[in-house]
Amino acid sequence: MALTTPTLAPAPRRAEQGGRRHRPPRTGPRRPDRPGALAYAVLAAVIAASVFPLYWSFVVASHDDNSVLAGSTPPLIPGGHLFENIQRVFELSAFWQALGNSLIVASTTAVSNVLLSSLAGFAFAKLRFPGRGFLLVCVVVTVMVPTQLGIIPLYMLVTDMGLYGKLSALIVPALVSAIGVFWMRQAVEENIPDELVEAARMDGAGLLRTYWHVVVPGVRTTATVLAMFTFMFAWNDYFWPLIALPPENGTVQIALNQLAAGYYTDYTLMLAGVVVSVLPVLVVFTVLARRIVSGVMAGAVKG
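Residue positions within a chain follow its written sequence, with the count starting from 1. In view of the model being predicted, local features appear only for residues whose pLDDT reaches at least 70, and side-chain atom pairs are presented and counted only at 80 or more, with totals across whole chains, interfaces and linings using the full set of residues. By convention in this description, side-chain values take in all heavy atoms of the structure and omit both hydrogens and water.

## With respect to the overall build of the protein chain
Note the threshold: A run of H or I in DSSP becomes a helix once it reaches four residues, and a run of E becomes a strand once it reaches two; helices and strands are each numbered from the N terminus. Whether a residue is buried, partly exposed or exposed follows from its accessible area with a 1.4 Å probe, protein chains only, as a fraction of its type maximum: under 20%, in between, or over 50%, in that order. In this analysis, two residues are considered to be in contact whenever any of their non-hydrogen atoms come within 4.5 Å of each other. Method for areas: the Shrake-Rupley scheme with a 1.4 Å probe, in which residue coverage is limited to the protein chains shown.
Within the protein chain one finds 14 helices and two strands. Looking at the protein chain residue by residue over its 303 residues, the buried ones come to 31%. Partitioning the contacts of the protein chain with sequence separation of at least 6, the portion at a separation of at least 24 is 72%. Counting only carbon and sulfur atoms, one obtains 66% of the accessible surface of the protein chain, whose full area is about 20,500 Å².

Next comes the structure, spelled out in structure tokens:
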């Protein structure tokens, strides 16, 4: 019997390119490039430009009026008169009452807009009834009408209802907004599947129960953003409160206008009032910041 010498299989050749070992291309997702120094510089400039007006208001509010007007260069470093100027704000005007009025109006309109707009958005998105499309068009068209065109009819209506001079003159016309209805309608249409609503109805849930247990959890983030925007709009509104309320029972914007009125404008006093008036908005934004950012970015394109 002849013996055969075993032979080894030939080793695979290594493909080399330019003296380097060839590696197969990556098939997984590419890691996104990190932003460069220019991107960080632009972001820093935008943040500085956004924060500087508030910082400068704080700086001026912390000085006395003589030091602000004495030099040709405005101060850029905080002084030591902030609490003194804030105390003068509350002594020279009914600022506590103005803050309370603005808080009542802004909070009430924010809650009512979220509730009524989400109910209307649920009806327009998921319910079938005659004239639904026409009514939605009417709601959207009202967004294009400038607010100033409706001031005189609104003033006449508020006066006839006996609401002039009361906070209800600001609350009742702002209980629901057309943009809020359209926004919540889009949120319900995109986030709540029809099958989920039908499943709730088949399980015996009524319209209100379906709205509360199915619709509200699905649009909670969008509702939070709507509440924040409504709160800010009502808090910063100046034109309609100036018409509908007397100066002694005004909102915070009317109180700031009174601080700036007269032959001589005390800028430290006025900007101290501005600093105080901004604090509630900053607190609300800080509490709701995470939901607000996620709601604004909900429609962003994912890379």
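There's more to say after this.
## Some details on the pattern of salt bridges
For side chains of opposite charge, pairing can occur when their charged atoms come near one another. Rules: Here a salt bridge means any side-chain nitrogen of Lys or Arg lying within 4 Å of a carboxyl oxygen belonging to Asp or Glu.
What the rule picks out here adds up to two salt bridges. Close ionic contact of Arg88 with Asp266 constitutes a salt bridge, the shortest N to O distance being 2.6 Å. Here Arg88 is found in helix H3 (residues 82–92), whereas its partner Asp266 is found in the loop between helix H13 (252–260) and helix H14 (267–296), with 178 residues between them in sequence. Exposure remark for Arg88: the relative accessible area of 25% places this residue in the partly exposed category. Linking Lys126 and Asp194 is a salt bridge whose minimum nitrogen-to-oxygen distance equals 2.6 Å. Residue Lys126 is located in helix H4 (residues 95–126), and its partner Asp194 is located in helix H9 (residues 194–202); the two are separated by 68 residues in the primary sequence. Here Lys126 falls in the buried class, since its relative accessible area comes to 12%.

## Focus: the packing of aromatic side chains
Spelled out, the test is: Within 6.5 Å between ring centres, the rings of Phe, Tyr and Trp (the latter by its six-membered ring) count as paired, and their orientation is classed by plane angle as stacked under 30 degrees, edge-to-face over 60, tilted in between.
Evaluation of the coordinates by the stated rule reveals seven aromatic pairs. Where Phe90 meets Trp96, the ring centres are 4.5 Å apart and the plane angle is 25°; that geometry is what we call stacked. Classification of Trp96 by relative accessible area gives exposed; the value is 63%. Judged by centre distance (6.3 Å) and plane angle (40°), the rings of Phe122 and Tyr211 are tilted. Linking Phe122 in helix H4 with Tyr211 in helix H10 (residues 207–218), this pair joins segments that are 89 residues apart in sequence. Among the residues examined, Phe122 registers a relative accessible area of 4% and is labelled buried. Among the residues examined, Tyr211 registers a relative accessible area of 6% and is labelled buried.

## Some thoughts on the confidence of the model for the protein chain
Put simply, the rule reads: A score from 0 to 100, pLDDT tells how confident the predictor is in each residue.
With 83% of its residues at a pLDDT of 70 or more, the protein chain shows a mean pLDDT of 83. A low-confidence stretch, residues 1–9 (pLDDT under 50), is modelled with zero contacts involving residues beyond four sequence positions or located in other chains. Across residues 299–303 the pLDDT falls below 50, and counting only partners more than four positions away or on other chains, this stretch makes zero contacts in the model.

## Concerning the side chain of Ser277
Assignment of secondary structure puts Ser277 in helix H14. Residue classification places Ser277 among the buried positions, given a relative accessible area of 5%. The contact partners of Ser277, leaving out residues within four places of it in the chain, are Trp235, Val252 and Leu256.

## What about the packing of H4 against H10?
Helix-helix packing is characterised by the crossing angle of the two axes and by the distance between the axes. Going by this rule: To get an axis, a line is fitted to the C-alpha atoms, and for a helix only the part in contact is used. The angle between two axes follows their N-to-C directions and goes from 0 to 180 degrees. Between 65 and 115 degrees an angle is taken as roughly perpendicular, under 35 as roughly parallel, over 145 as roughly antiparallel, and anywhere else as oblique. Any residue that is not Ala, Val, Leu, Ile, Met, Phe, Trp, Tyr, Cys, Pro, Asp, Glu, Lys or Arg is counted as polar, Gly included; the first ten are nonpolar and the last four charged.
Interhelical geometry of H4 versus H10 gives an angle of 105° and a closest axis separation of 11 Å. It follows from the interaxial angle that H4 and H10 lie roughly perpendicular. Between H4 and H10, the residues in contact are Leu115, Ser118, Leu119 and Phe122 and Leu207, Thr210, Tyr211 and Val215, respectively. Within the contact of H4 with H10, the residues separate by chemical class into six nonpolar, two polar and no charged.

## Some points on the environment of Thr142
Let me state the cut-off plainly: Between N or O atoms, a polar contact is any pair within 3.5 Å; within protein, one atom must be a potential hydrogen donor and the other a potential acceptor, and residues adjacent in sequence are included only when both atoms are from side chains.
Structurally, Thr142 is set in helix H5 (residues 132–143). Note: C-alpha distance between Thr142 and Ser177 (35 residues apart in sequence) is 9.4 Å. A polar side-chain atom of Thr142 sits 2.5 Å from the main-chain carbonyl oxygen of Val139.

## Points about the nonpolar core
Keep this limit in mind: What is meant by a nonpolar core is a set of buried Ala, Val, Leu, Ile, Met, Phe, Trp, Tyr and Cys residues, joined one to another through side-chain atoms within 4.5 Å.
Within the largest apolar cluster, 41 residues are counted, with the highest numbers of intra-cluster contacts made by Phe95, Val188 and Trp235. Ranked by residues supplied to this core, first place goes to H4 with eight residues. Filtering out sequence-adjacent residues up to four positions away, Phe95 remains in contact with Val89, Phe90, Val252, Ala255, Leu256, Leu259, Gly273 and Val276.

## What about a nonpolar patch on the surface?
Selection criterion: Patch membership is restricted to residues that have no salt bridge and whose relative accessible area is over 30%. Joining uses 9 Å for like charges and 5 Å for the nonpolar side chains Val, Leu, Ile, Met, Phe, Trp and Tyr.
The grouping of Ile47, Val51, Phe52, Tyr55, Phe58, Leu76 and Ile77 at the surface amounts to a nonpolar patch, some 660 Å² of accessible area in total. Positionally, Tyr55 belongs in helix H1 (residues 37–61). Classification of Tyr55 by relative accessible area gives partly exposed; the value is 34%.

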